[in-house]
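Understanding the architecture of this molecule
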Amino acid sequence: MNRPRTAADQVAEVLREAIVTGEIPAETTLRQDDLAARFELSRMPVRDALRLLEAEGLVSIHPTRGAFVSRIDAREAAEIYAIRALIERKALKLSFPHLTAAVLDRADAILLEIDHEQEVGHWGQLNRDFHMELYSLCGNSRLLLLVEQLHRTADRYVRLLMSNFDHRSQSQHEHRQLLEACRKGDRSAALHLLKQHLEQGRRKLVKHGARENA
């Protein structure tokens, strides 16, 4: 059963979408009193919401500065995507001979969910689900755990990519190209497309991070 959504969850969802879409820019101070008044709540659920966003890397909380929107760390993004390219291509390579029509159909269904999902906060999870479906038959549980952990670390960047830079449609196009290569049994093409897909994301994040920190 899903746990009930709390007031903190709802505040976090609104702020999360505003941050990843750029409505609330990097370095913006998030004052608890102002947010409590805006949402007509006490400070406690607002504080809890900011802690949730801190755990996701979207918000930083400083002992003296208080809470503020985190900057895009171009170096971190580049490192994450470089490692993703290495281990995800390995996972796909191992999984490829065992991919079934049922697995590929589930991956296709996830892409349809992404097409219709309006909540930014869900895009990272759906993107992760799509990739993990393709790697699910690699036969190496530790590798899958590493991939999933890295996806969670990259979640804020994935959502930023998919909500900005006109990247959502491009990402979906690349996902479908990758899926088609898997259906055709063309492993070389699939591995190449996965590498290109991750490289595109890396370049856009690094460019945005460099501009943001200029």
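Residues numbered from 1 in each chain as written. Predicted model: local features only at pLDDT ≥ 70, side-chain atom pairs only at ≥ 80, totals over all residues. Heavy atoms only, no water.

Membership of the largest hydrophobic core comes to 43 residues, with the highest contact counts inside it found for Tyr81, Leu92, Leu134, Tyr135, Tyr157, Leu178 and Cys182. Elements with a contribution of two residues or more to this core: helix 4 (74–95), helix 5 (101–116), helix 6 (120–135), helix 7 (141–153), helix 8 (155–163), helix 9 (167–184) and helix 10 (187–212). No other element matches the 7 residues that helix 4 contributes to this core. Dropping the residues within four chain positions of it, Tyr157 is found in contact with Ile72, Asp73, Glu76, Ala77, Ile80, Tyr81 and Leu205. Formed by 18 residues, the second largest nonpolar core is a distinct cluster that contains Val11, Ala12, Ile24 and Ala49. (Core = buried A, V, L, I, M, F, W, Y, C linked by side-chain atoms within 4.5 Å. Buried < 20%, exposed > 50% of the residue type's maximum accessible area, 1.4 Å probe, protein only. Helix = DSSP H or I, 4+ residues; strand = E, 2+ residues; numbered from the N terminus. Contact = heavy atoms within 4.5 Å.)

Before going further, it helps to examine the pattern of salt bridges. Applying the stated criterion across every chain, the model contains 14 salt bridges. In this structure, the salt-bridge partner of Arg183 is Asp108, at a minimum N-O distance of 3.9 Å. Within this pair, whereas Arg183 is found in helix 9, its partner Asp108 is found in helix 5, the two being separated by 75 residues in sequence. Here Asp108 falls in the partly exposed class, since its relative accessible area comes to 26%. Its salt-bridge partner being Glu199, residue Arg202 comes within 2.6 Å of it at the nearest N-O pair. Here Arg202 and its partner Glu199 are both found in helix 10, 3 residues apart, which amounts to about one turn of the helix. Arg202 gets classed as partly exposed once you look at its relative accessible area, which sits at 22%. A cluster of three or more residues bridged by salt bridges with shared partners is formed by Glu27, Arg65 and Arg71. (Salt bridge = Lys/Arg side-chain N within 4 Å of Asp/Glu carboxyl O.)

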